[in-house]
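Structural overview for review
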Amino acid sequence: MSVPPGGLILLTGANGYIASVTIHLFLARGYSIRGTVRSIRRNAWMKTYFGPRFELVEVPNIHSPGVFENGDLLRGVDGIVHMAMDMDMNPQNQGIIENTIQSNLRLLEAAARESRVKTACALPTTGVPYKIDSSTWNEEAIEQTSKPWNNEGNPRWHGIKLYAASKARGEQEAFAWARKHQPSFSFNTVVPNVNFGIAISHENMSYRSTAAVLDGVVKGYPAAPSVLPSQWYVDVEDTALLHLAALTLDDVHDERLLAFAGKYSWTQIMEILHRRYPGKIGLGALSNNAEPEVVDAGEVDNQRSIEVLKMMGKEGFTTLEDTLVKAVDTILENQAKNVPKTRIDLYYESVAGRVVGS
Ligand SMILES: NC(=O)c1ccc[n+]([C@@H]2O[C@H](COP(=O)([O-])OP(=O)(O)OC[C@H]3O[C@@H](n4cnc5c(N)ncnc54)[C@H](OP(=O)(O)O)[C@@H]3O)[C@@H](O)[C@H]2O)c1
């Protein structure tokens, strides 16, 4: 039921942050990748960057019916990692929940029609209820987004809730489909919290998604920490390795692997960064340091993921300090290069009322 050594893996949203690190790891371990992107023209650099065992296909919108049935998308594929996700977090986009559910199901149905697919693996995310284990879901986000937004409260937080509810409902329905239809492949999910760590090909990708937050801290944006208030971190390479485990270990079947390494607070992160990189971190102190930081009070049962990482030859999750050092080494090494701005840079600039570098 697992992907054979050197097998071909379809990975959706290949130009995303976690996807690009995952491709890097999978190729290094001898697998081949067929990556989907919304535009081959915009992502043509990937073929040169990743080399001959990487191919690109265009999937302009994962929410379009029939998009996974096109031509040769699944031909010869041994396993699937579904990472593409609308990350706009638009508070008005109530349809995102149903769209996410349907696109997950359509991909599973397409996989079930392709007899060679042995494993499918989706990547949801989760919010932080008090206690998380493999049987819990972000019911709070599901409940709070059961009706369209009434324009009250913080739009950004409602957008995040809608995103979290989409991921949770998409995952629930995917498991329900797999249990009902009993396809010939195993279906597993990897459920991470905040991914930090290396980022690749900055000249082409810049710092996307959560990688942009530490870049913002190095650049000195006071608003950067508020984008990801204290919760749990995971090293992005551990997330990638858990995906590989979900695809290649027979022992991992019908499972949710919680990629939660440990809690972080920004007080802790800033202490580590200033100690390890004296004089190099633009953000001096937390802007609200008069008030004690609210530290995440959740509990997560991550034992199974630690066990799975051990099966993959790793002692367990990477520590917070080592994860941060990997991220900041990458950022500092690339400061002299022409790394394009992201929309997160633009957000920091609008909040700070100034332009990066000015
Ligand atoms: N970063 C984290 O800490 C974290 C934590 C938990 C879960 N996750 C999950 O991990 C996955 C990857 O996230 P990421 O942080 O790496 O984000 P990312 O860098 O923004 O990647 C998202 C990817 O999805 C693609 N995409 C967005 N809307 C699409 C659509 N309608 N049709 C086709 N492709 C679409 C994007 O393409 P474009 O570049 O063309 O927009 C991009 O390739 C997502 O499923 C996310 O929910 C991330």
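Residues numbered from 1 in each chain as written. Predicted model: local features only at pLDDT ≥ 70, side-chain atom pairs only at ≥ 80, totals over all residues. Heavy atoms only, no water.

By the naming in an unreviewed UniProt entry, the protein chain is NAD dependent epimerase/dehydratase, putative, taken from Talaromyces stipitatus.

**Digging into the site of the ligand**
Around the ligand, the structure places 28 residues, and the nearest of them are Asn 15, Arg 38, Tyr 163, Lys 167 and Ser 209. Between the ligand and the protein, one listed contact pairs an oxygen atom with a backbone N or O atom of Gly 16 at 3.5 Å. A distance of 2.6 Å is found between an oxygen atom of the ligand and a side-chain nitrogen or oxygen belonging to Arg 38. Summarising the interface, the protein chains cover 92% of the accessible area of the ligand, which totals 900 Å² for the free molecule. Among the elements of the structure, helix H1 (17-28), helix H5 (155-181) and strand E8 (194-196) are those that each provide at least two residues to the shell around the ligand. For the shell around the ligand, a count of residues per class yields 14 nonpolar, 9 polar and 5 charged. When residues of the shell around the ligand are sorted by domain, at least three fall in each of domain 1 (8-193 + 231-261) and domain 2 (207-230 + 265-296 + 319-353). (Near = heavy atom within 4 Å. Polar contact = N/O pair within 3.5 Å; in protein donor to acceptor, adjacent residues only side chain to side chain. Areas by Shrake-Rupley, 256 points an atom, 1.4 Å probe, with all protein chains shown as cover. Helix = DSSP H or I, 4+ residues; strand = E, 2+ residues; numbered from the N terminus. Nonpolar A, V, L, I, M, F, W, Y, C, P; charged D, E, K, R; others polar. Domains from an automatic or database assignment.)

**Observations concerning the domain arrangement of the protein chain**
Often, the extent of an interface is quoted as the loss of accessible area on bringing the components together. Taken domain by domain, the protein chain holds domain 1 (8-193 + 231-261) and domain 2 (207-230 + 265-296 + 319-353). In this structure, domain 1 and domain 2 have C-alpha centres spaced 26 Å apart. Tallying the contact residues gives 14 residues for domain 1 and 16 residues for domain 2. Interface area for domain 1 against domain 2, summed over the two sides, is near 1,200 Å², with a carbon-plus-sulfur share of 46%. Where domain 1 packs against domain 2, one counts 2 salt bridges. Two residues, Glu 237 and Lys 326, come together in a salt bridge whose shortest N-O distance is 2.6 Å. Scanning the region where domain 1 abuts domain 2 turns up 6 residue pairs in polar contact (both at pLDDT 80 or more). Elements that contribute at least two residues to the side of domain 1 that touches domain 2 include exactly H5 and strand E9 (232-235). Per element, the largest residue contribution to the side of domain 1 that touches domain 2 is 4 residues, and it comes from E9. Split into classes, the residues belonging to the side of domain 1 that touches domain 2 amount to 7 nonpolar, 3 polar and 4 charged. (Contact = heavy atoms within 4.5 Å. Buried area = accessible area lost by both parts, 1.4 Å probe. Salt bridge = Lys/Arg side-chain N within 4 Å of Asp/Glu carboxyl O.)

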